[in-house]
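Understanding the architecture of this molecule
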Amino acid sequence: IGSTKMRTNGGTQYSAINDISSNSAHGPCLDGRTIPHMVAPGCRVLSTIPSGQSYSLMCGTSMACPQVAGGIALFVEQYRETFSKNPSPALIKAAFAAAASDLSGNDDADGNTLGHPFDSKQGWGRMDLTSLLTNPIDSVRYYDAPVVLEQTGDQWSTTVWALDPSKPMRIMLVWTDAVGHGLGGSTPAWNNDLDLIVSTGLTLYRGNNFGSQGWSVSGGTADDKNNTEGVFLGPIPPGQVTIPVRAANLNSDGIPNSGDGIDQDFSVVCYNASAEPGFSI
């Protein structure tokens, strides 16, 4: 989690609230993965301080993380009330990432101009609780561990429609990978690799292939590093969309204490999506 600016000492809105804080760490990782996955308000935030029982305005990811933790608590509460069950960590991350605000045009931590997500300065963008929590329930599809992929080549697929043809459709795949080697450095730390491939008739969109305007472009190559993959169809989406998730390479135990030594579950979240006829949430 990176951090963005927040407010002045007087409590007024900081004019550059969507700039990334200069002390916000960023990626990419040495092994090529893109981090952070999201940024949140984390500069000039009231915090306790080490010297005595007091508080002060401070900046850092230690200030941004509680903002995200509170946002997650609100999302989990809403999800429980709606579906009578808990969302998985993968589904929570997919929901937040797909709903994040694009900070393109603002400053990154080094004072350079940000492009569109997905990048190593803002990730998928700034946490946006309004978009996350106020979307009508019939405009978002949650697929939380719909199947377990057990070997390379396994696939799951679903079909959705754009609920509002005048608005973009955002599709996000996230999975909780098996534990990496933990050695740091440039040696790849990921294990299982899944691919998000969205089909609109004869056109294929692969996860994390974005054009200069921030929308997915057809073709490209599959992302073999990151465990967050998005396809953003806009500004006007197609009507019917088929969403396959494929196991490009399974070699590790993605679900400890369940099944055998090679498996992987995942979650998919689709915004502005209506399920095909006959499907229930």
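We now turn to the structure provided with this report. What you see is a predicted model; the values in this text were computed from it and never measured.

How each quantity is defined
Residues numbered from 1 in each chain as written. Predicted model: local features only at pLDDT ≥ 70, side-chain atom pairs only at ≥ 80, totals over all residues. Heavy atoms only, no water. Core = buried A, V, L, I, M, F, W, Y, C linked by side-chain atoms within 4.5 Å. Buried < 20%, exposed > 50% of the residue type's maximum accessible area, 1.4 Å probe, protein only. Helix = DSSP H or I, 4+ residues; strand = E, 2+ residues; numbered from the N terminus. Contact = heavy atoms within 4.5 Å. Phe/Tyr/Trp six-rings, centres within 6.5 Å; stacked < 30°, edge-to-face > 60°.

**Observations concerning the nonpolar core**
Soluble globular proteins: nonpolar side chains tend toward being buried together. The biggest cluster of nonpolar side chains holds 30 residues, and the ones touching the most others in it are Phe75, Trp124, Tyr142, Met172, Val269 and Tyr271. At the level of elements, α1 (61-83), α2 (89-99), β5 (140-144), β7 (169-174) and β12 (267-271) are the ones that each hand at least two residues to this core. With nine residues, the single largest contributor to this core is α2. Counting residues in hydrophobic clusters, the runner-up holds 24 residues, among them Trp156, Val198, Ala247 and Ala273.

**Looking at the environment of Gly214**
For Gly214, the position within the fold is in the loop between β9 (203-206) and β10 (228-233). Taking the C-alpha atoms as reference points, Gly214 and Pro235, separated by 21 residues in sequence, lie 9.6 Å from one another.

**A look at the environment of Pro168**
Following the sequence through the fold, Pro168 ends up in the loop between β6 (155-162) and β7. Assessed through its relative accessible area of 27%, Pro168 is described here as partly exposed. Each C-alpha atom, one on Pro168 and one on Ala69, is 27 Å from the other, the two residues being 99 residues apart in sequence. Not counting residues up to four positions away in its chain, the partners in contact with Pro168 are Trp215, Leu233, Gly234, Pro235, Pro237, Tyr271 and Asn272.

**Re the packing of aromatic side chains**
Counted under the stated rule, the structure contains twelve aromatic pairs. Between Phe75 and Tyr142 the ring centres are 6.1 Å apart and the planes differ by 70°, which places this aromatic pair in the edge-to-face class. Taken together, the residues span a long stretch of sequence, with Phe75 in helix α1 and Tyr142 in strand β5 at a distance of 67 residues. Among the residues examined, Phe75 registers a relative accessible area of 1% and is labelled buried.

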